[in-house]
Amino acid sequence: MSRVRQEHGFTLMEMLVAMALAAAVFGAALSILDVFQRNNRFDQLRNETQDNARNAMDLLARQVRNVAAPSAGSPGALLVTKNYSLIFDTIDSGSSFVWGANASHTMMVRYCLNNTTTTNEVLWMQSKRWNTAGGPSEAPASVGCPDLSGTWEASRQLVEHVTNRIKGQTRPVFTYSAATAPQTASIEVNLYLDLNPGKAPGETQLTSGIGLRNVNRPPIAAFTVTQINKFVRLDASASYDPDGLALTYKWWKDGVALESASQVYETPTQESTGTHTYELAVTDPGGLTEKAKETVNVP
């Protein structure tokens with residue numbers, strides 16, 4: 001009688017257990033790899049968004065530093081100065097546009113923030129060029145951001161995932177050194193970025209300050225009126241130029257120009273009884289003029 005040969009190996013139950021353990025190990029490894037890949041992709045997108053924001057700020061800085069007034073007598077170069085919208089004229093040196101009579105290659109640029117989705121606001125740039133000697137003297141009445149009505153020649157999306165106004169917040173993109181456009185000499189740009197609002201790692205804030213090198217701010221016109229025995233003394237020493245430039249003066253009385261270009265004017269004779277209106281115009285070397293008016297009752 002032959003002896004039964006002994007067989008070595010795994011039983012079916014052992015094979016099933018081994019396969020289950022292998023599947024669990026491989027599943028865990030694949031899950032970790034998937035999380036790593038997703039985090040890596042998120043970091044790449046986050047870095048790309050921040051790079052886009054930095055490039056947009058650099059582009060804005062170059063354009064603002066080449067800012068140009070629409071005309072010789074224009075009050076400043078910034079046309080619109082709002083918290084989420086900025087329009088100005090600048091010099092375009094790298095375009096293949098046929099400029100024609102526009103010898104200085106001046107173009108109008110608009111930056112605005114679209115908040116259709118507050119968790120993903122988008123910064124846009126729009127531009128307008130012309131080939132005539134004189135361009136627009138003021139900014140067009142833009143409709144929406146971006147304005148796609150045909151007013152602007154080109155529109156370009158610069159930065160996504162901006163969250164300046166998320167959850168009802170009112171954090172300006174543009175902050176100015178003066179409340180009115182003509183007196184603005186510098187701009188601060190603030191962009192808050194977040195690809196995944198409400199989750200780590202949270203917002204990133206990018207800030208840049210830009211000074212206007214070519215800006216010519218209009219002067220401030222102001223004067224005082226002093227009466228002594230019906231003689232009137234007008235003193236414009238309170239007038240000044242924000243850029244420190246010398247001013248010229250011109251006076252009017254009741255709409256009639258006076259023969260005086262001095263800072264202080266004194267009437268040569270006594271004024272007649274009644275109400276008189278005196279007006280001052282101050283002009284800087286760039287041709288910018290501002291006026292002030294005072295009404296005086298001579299007893």
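See the structure above.
Since we're looking at a predicted model, the values are computed, not measured.

K.L.:
Hey, could you go over the layout of surface pockets for me, with residue numbers and the actual values?
P.N.:
Computed from the structure, the largest pocket encloses a volume of approximately 170 Å³. If you go around the largest pocket, the residues you meet are V80, K82, Y84, S85, I87, R110, C112, L113, S142 and C145. Listing elements by their share of the lining of the largest pocket, those giving two or more residues are β2 (85-91) and β3 (106-114). If you tally residues by element for the lining of the largest pocket, the top one is β3, at three residues.

K.L.:
Residues and numbers for the side chain of D92, please.
P.N.:
Along the polypeptide, D92 turns up in the loop between β2 and β3. Using a relative accessible area of 10% as the deciding quantity, one classes D92 as buried. Looking at D92, its side chain comes within polar contact range of the side chain of R129, at 2.9 Å. Excluding residues that lie within four positions of it along the chain, D92 makes contacts with W99, H105, M107 and R129.

K.L.:
Mind laying out the sheet that holds strand β10 (residues 231-235), listing which residues take part and the relevant values?
P.N.:
Pairing in this open sheet of three strands is antiparallel, and the strands run β9-β10-β13 from one edge to the other. A single partner strand is all that each edge strand has here, and the edge strands are β9 (224-228) and β13 (264-266). Adjacent strand axes in the sheet meet at a mean angle of 15° when their direction is disregarded. Inspection of the sheet shows β9 paired to β10 by five bridges, in the antiparallel sense. In the sheet register, Q227 faces β10, and the bridge partner there is V232.

K.L.:
Can you lay out the pairing of strand β1 (residues 78-81) for me, pointing to particular residues and giving the numbers?
P.N.:
On a regular strand, one side chain projects to one face of the sheet and the next to the other, so that they alternate. The pairing of β1 with β2 spans three bridges and is classified as antiparallel. Along β2, the bridge assignment pairs T81 with L86. Taking the residues between adjacent antiparallel strands as the criterion, β1 and β2 are bridged by three residues.

About the cut-offs
Residues numbered from 1 in each chain as written. Predicted model: local features only at pLDDT ≥ 70, side-chain atom pairs only at ≥ 80, totals over all residues. Heavy atoms only, no water. 1 Å grid on protein atoms, 1.4 Å probe; cavity = no way out; pocket = protein on both sides within 12 Å on 5 of 7 lines; lining within 4 Å. Points joined across faces, edges and corners; volume = space filled by probe spheres on them. Helix = DSSP H or I, 4+ residues; strand = E, 2+ residues; numbered from the N terminus. Buried < 20%, exposed > 50% of the residue type's maximum accessible area, 1.4 Å probe, protein only. Polar contact = N/O pair within 3.5 Å; in protein donor to acceptor, adjacent residues only side chain to side chain. Contact = heavy atoms within 4.5 Å. Pairing = 2+ DSSP bridges. Axes fitted to C-alpha atoms, helices over the stretch in contact; angles between N-to-C directions.

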